[in-house]
Amino acid sequence: MAKRQEANMIDTFAEFKENKNIDRTTLISILEEAFRNVISKMFGSDENYDIIINPDKGDFEIWRNLKVVPDGEVVDSNLEIALSEAQKIDPDYEAGEEITNEVNFAGFGRRAVLNLRQALASKILELQKDSIYAKYKDRVGQIISAEVYQIWKKEILLLDEDENELILPKSEQIPGDFFRKNETCRAVVVKVENQNNNPKIILSRTSNLFMQRLFELEVPEIHDGLITIKRIARIPGERAKVAVESYDDRIDPVGACVGMKGARIHGIVRELCNENIDVVNYTANTALFIQRALSPAKISSIKIHEADKKAEVYLRSEEVSLAIGKSGLNIKLAGMLTEYTIDVFRDVDMGDEDIYLDEFADEIETWIIEALKNIGCYTAKNVLAMDRNEVMEKADLEESTVEEVFRILSAEFEEE
């Protein structure tokens, strides 16, 4: 009966190991340590004990080594055995020899077995927590899917495939998020805390990293490194702007991210509670980047103040509301994306008689128009207001090219 109880005890913890992903070698080590701790507490020392754990059979053996001493000279019964007692086991034993006998652990009493179980449970729980911490420490920045287990006012408790507890705080939820118990929720691991060996895994759906990882999942070119997400500006659940750059001239980064008929970006938008996402081409040219960030508004001219990271943007009256956007979201996100403070002004001098350079695309080559935009000239009068030599130097254009541009632009106003 005692042997069966011992075997059942090993089976119990072996089963526990299977559920909690603690490897067999570690479990055996824990078992031996737990046995030695109990024996040491009971007898003061475990040095003369051999503990053999058989993982294949799921049982264990404990052997005690005792020194045979003459009758009446036994000082410590845990370390020594009287000659007369030893000879009851085998008449050939003599003083000074060692005798090894098997110990029935269950015979130590119910308290010893209970202490062993408690020690094992405590150690295995500790290892389990260490394992969870190590697992998720390496997964910070990754998207995971988990099941909604409990919904509270300030946070949601989720369980992963191993039933580890994960926390999605209210502050990390998108305003439009609505989950029911047992539903699957996707989020990114943003923080793993370990206070008093109690791991706490924090998830987020509002982090820019969550959006970035979604793009990596939906856009193969980003996953493969052909397109890079340079910056993200986001107001969760409302609107976001994403700046992308391609390392292959044959790939249109914006088109690749949006997909055919918006197929790729629609999956991301749905995951983010219909968050409106603008994808723009990244450029190191500050003026051009600000222009793209303020899309769909078309700016007339721009003044950059590098020292204090400010930009003065001038637009036609009808473009101002587009630049600012509903509730000021467009200009706020453009500032976040470019990392510049953007001030918008109505271009009162422009009037209706000015013309955007894009309208001259049939007469002026596109690359020349882009070169002019890169120096802050977006309309005909922006260009005509500058000195020809200044345009040549800043836009890096040939004299003959600049002369032809001035001729075409001036002719437009002379006709009027």
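Refer to the structure presented above.
Our subject in this report is the structure included herewith. Small disclaimer: the values here were computed from a predicted structure and weren't measured. Counting from 1, residues in each chain are numbered in the order their sequence is written. With the structure being a predicted model, the display of local features is reserved for residues of pLDDT at least 70 and the display and counting of side-chain atom pairs for 80 or more, all residues being used for whole-chain, interface and lining totals. With hydrogens and water set aside, each side-chain value is computed from the structure's full complement of heavy atoms.

Regarding the overall build of the protein chain
A count of helices and strands for the protein chain gives 15 helices and 15 strands. Dimensions of the protein chain along its principal axes, counting C-alpha atoms only, are 130 × 45 × 40 Å. Put simply, the protein chain has 416 residues, and 44% of those count as buried. Here the analysis covers contacts within the protein chain between residues at least 6 apart in sequence; of these, 59% occur between residues at least 24 apart. Accessible surface, the protein chain: about 22900 Å² in total, of which carbon and sulfur atoms supply 45%. Here the positive residues are Lys and Arg and the negative ones are Asp and Glu; neither His nor the chain ends is included. To locate a charge, take NZ of a lysine, CZ of an arginine, CG of an aspartate or CD of a glutamate. The average position of the 52 basic charges and that of the 80 acidic charges among the side chains of the protein chain differ by 7 Å. A run of H or I in DSSP counts as a helix once it spans at least four residues, and a run of E counts as a strand once it spans at least two, with each numbered from the N terminus. A simple rule labels every residue: compare its accessible area, found with a 1.4 Å probe on the protein chains alone, to the largest value its type can have, and call it buried under 20%, exposed over 50%, or partly exposed in between. Any two residues having at least one pair of non-hydrogen atoms within 4.5 Å are treated as being in contact. All accessible-area figures derive from a Shrake-Rupley calculation using a 1.4 Å probe, and residue coverage is judged against the displayed protein chains alone.

Considerations on the pairing of strand β1 (residues 49-54)
Residue alternation in β1 divides its side chains into a buried set, Y49, I51 and I53, and an unburied set, D50, I52 and N54. The sheet contact formed by β1 and strand β2 (residues 59-69) spans 6 bridges and is antiparallel. Across the sheet, residue I52 finds its bridge partner in β2, namely E61. Pairing between two strands requires that DSSP report at least two bridges joining them.

A word on the packing of helix α5 (residues 208-218) against helix α8 (residues 263-271)
Where α5 meets α8, the axes come as close as 9 Å, and the angle between the chain directions of the two elements is 145°. Like other packed secondary-structure pairs, α5 and α8 cross with a definite hand, here right-handed. For the pair α5 and α8, contact is made by F210, L214, F215 and E218 and by R264, I265, I268 and E271, respectively. Within the contact of α5 with α8, the residues separate by chemical class into 5 nonpolar, no polar and 3 charged. For helices, the axis comes from a line fit to the C-alpha atoms of the stretch in contact; other axes are also lines fit to C-alpha atoms, and the angle between any two N-to-C directions lies between 0 and 180 degrees. Here a crossing is taken to be left-handed if its near helix is turned anticlockwise relative to the far helix by less than a right angle, and right-handed if that turn runs clockwise. Amino acids are sorted into nonpolar (Ala, Val, Leu, Ile, Met, Phe, Trp, Tyr, Cys and Pro), charged (Asp, Glu, Lys and Arg) and polar (every other residue, Gly among them).

Regarding the pattern of salt bridges
Any Lys or Arg side-chain nitrogen located within 4 Å of an Asp or Glu carboxyl oxygen qualifies as a salt bridge. Inspection of the entire model under this criterion finds 24 salt bridges. Notably, a salt bridge pairs E370 with K373, separated by 3.8 Å at the nearest N-O pair. Here K373 and E370 lie together in helix α12 (residues 366-374), a separation of 3 residues that amounts to about one turn. One salt-bridge network, held together by shared partners, links K135, D160, E161 and D162.

Things to note about the packing of aromatic side chains
Stacked, tilted and edge-to-face are the three classes assigned to paired rings of Phe, Tyr and Trp, where Trp is represented by its six-membered ring and a pair needs centres within 6.5 Å; plane angles under 30 degrees give stacked, over 60 edge-to-face, the rest tilted. Counting across every chain of the model gives 2 aromatic pairs. Aromatic pair Y314 and F345: ring centres 5.3 Å apart, planes at 25°, arrangement stacked. With a gap of 31 residues between them, Y314 in strand β14 (residues 310-315) and F345 in strand β15 (residues 341-346) connect regions that are remote in the sequence. For F345, a relative accessible area of 34% translates into the label partly exposed. Whether a charge lies above a ring is judged from NZ of Lys or CZ of Arg, which has to be within 6 Å of the ring centre and within 35 degrees of the ring normal. The cationic tip of K181 hangs over the ring face of Y149; the distance from NZ or CZ to the ring centre is 4.2 Å. It is K298 that lies over the ring of Y356; its NZ or CZ is 5.9 Å from the centre.

Focus on α8
What α8 keeps buried is the set I265, G267, I268, V269 and E271. In this structure, the buried side of α8 is in contact with β8 (184-195), α5, α7 (253-258) and β12 (276-281). Backbone geometry just after α8 places C273 at a positive phi near 60°.

Observations regarding the sheet that holds strand β10 (residues 227-235)
Spatially, 3 strands are ordered β10-β11-β12 in an open sheet, and the strand pairing comes out mixed. Since the sheet does not close on itself, it has two edges, and those belong to β10 and β12, each with one partner. Within the sheet, the average angular offset between the axes of one strand and its neighbour, ignoring direction, is 20°. Here strand β11 (residues 239-246) pairs with β12 via 6 bridges, running parallel. Looking at the pairing, A243 lines up with V280 of β12. Against the sheet, helix α9 (residues 286-293) touches β10, β11 and β12, its axis set at about 155° to β12.

Details of the sheet that holds β15
Overall, mixed pairing links the 3 strands, which are arranged β13-β14-β15 in an open sheet. Because the sheet does not close on itself, it has two edges, and the strands there are β13 (299-305) and β15. When the angles between neighbouring strand axes are averaged without regard to direction, this sheet yields 20°. Inspection of the sheet shows β14 paired to β15 by 6 bridges, in the parallel sense. Within the sheet, the bridge partner assigned to K310 lies in β15 and is T341. Here α9 sits on the sheet in contact with β13, β14 and β15, set at roughly 130° to β13.

A closer look at the side chain of K373
For K373, a relative accessible area of 8% corresponds to the buried category. When sequence neighbours within four positions are dropped, the list of residues in contact with K373 reads Q291, D358 and Y378.

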